Amino acid sequence: MPLNLNNTELVMTAGLKTQFPNDGLSQIALSGRSNVGKSSLLNKLVGRKSLARVSGSPGKTITINFYRVDNKFYIVDLPGYGFAKRAPEDKAKWSKLTDSYFTSGTMRAVAQLIDLKVGPTADDEMMLDFMNNSDIPYIIIATKADKLNVSGKKAALEALRENPYVREGCEIIPFSALNGTGRDEAMAAILRVLGE
């Protein structure tokens, strides 16, 4: 049955574990460093320009945003990690909130966003290592693919596939919020990993 992506709404901005929806719908989390393009990906996936606000101040948001897609599943926007200017107490709050989400039992999979031009940062590799050791299903969406030429993109994707922290056989989708490259592939991969 086709998805009505227009029927996507932000249903909860949660700062506490008790606020997480637990209505039995599948959930996929968007994970990545601050400024990797999570909000831009979400907006492009559902065809809305400003459903998710793109922050002018990366690393400011310390809430988990739950977007319900056509009453079938949630795309869950986790706060970005690795932003250097964040105060230590904010980092601790981020860690506590995201840890509580990962252990809540409501998440089925993760879409891990990695800037294709930059490649995996130490924080990205820490996240991949955590998911590998926790047996969390994930796909990788390689954002900002438009910033590389054809040969650069090919080399960056190859390096990403060969990174020792990337699970063997993991699906990697190059994506550009600017021109929409990879949008359909990313949505199809999300539905596959959710089993929808």
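Throughout what follows, the structure given in this document is the object of discussion. (Residues numbered from 1 in each chain as written. Predicted model: local features only at pLDDT ≥ 70, side-chain atom pairs only at ≥ 80, totals over all residues. Heavy atoms only, no water.)

## Some thoughts on the nonpolar core
(1) Moving on: Counting residues in each nonpolar core, the largest one holds 32 residues, and the members touching the most others are Ile64, Phe66, Val76, Tyr101, Val110, Ile140 and Leu160.
(2) Moving on: If one sorts the elements of this core by residue count, helix H2 (residues 88-102) sits on top with 4 residues.
(3) Moving on: Ignoring sequence-local partners within four residues, the contact set of Ile140 consists of Gln112, Ile114, Leu128, Leu160, Val166, Cys170, Glu171, Ile172 and Ile173.
(4) Moving on: Of all hydrophobic cores here, the second largest spans 26 residues; its members include Leu5, Ala52, Met187 and Ala189. (Core = buried A, V, L, I, M, F, W, Y, C linked by side-chain atoms within 4.5 Å. Buried < 20%, exposed > 50% of the residue type's maximum accessible area, 1.4 Å probe, protein only. Helix = DSSP H or I, 4+ residues; strand = E, 2+ residues; numbered from the N terminus. Contact = heavy atoms within 4.5 Å.)

## So, the side chain of Arg33
(1) Moving on: Within the element layout of this structure, Arg33 appears in the loop between strand S2 (26-31) and helix H1 (38-46).
(2) Moving on: On the accessibility criterion, Arg33 (17% relative accessible area) is buried.
(3) Moving on: Look past the residues within four positions of Arg33 in its chain and what remains in contact with it is Lys38, Gly80, Tyr81, Asp115, Val118, Thr121 and Asp124.

## Side note on the packing of aromatic side chains
(1) Moving on: By the definition in use, this model includes 6 aromatic pairs.
(2) Moving on: Between Phe66 and Tyr74 the ring centres are 6.2 Å apart and the planes differ by 90°, which places this aromatic pair in the edge-to-face class. Of the two residues examined, Phe66 and Tyr74, each falls in the buried class. (Phe/Tyr/Trp six-rings, centres within 6.5 Å; stacked < 30°, edge-to-face > 60°.)

## Considering the packing of H1 against helix H5 (residues 183-194)
(1) Moving on: The contact between H1 and H5 brings their axes to 10 Å, and the two run at 90°. As summarised for this structure, H1 and H5 are arranged roughly perpendicular, according to the angle between their axes. Judged by residue contacts, Lys44, Leu45 and Val46 of H1 engage Arg183, Ala186, Met187 and Ile190 from H5.
(2) Moving on: Grouping the constituent residues of the contact of H1 with H5 by class yields 5 nonpolar, no polar and 2 charged. (Axes fitted to C-alpha atoms, helices over the stretch in contact; angles between N-to-C directions. Parallel < 35°, antiparallel > 145°, perpendicular 65-115°, else oblique. Nonpolar A, V, L, I, M, F, W, Y, C, P; charged D, E, K, R; others polar.)

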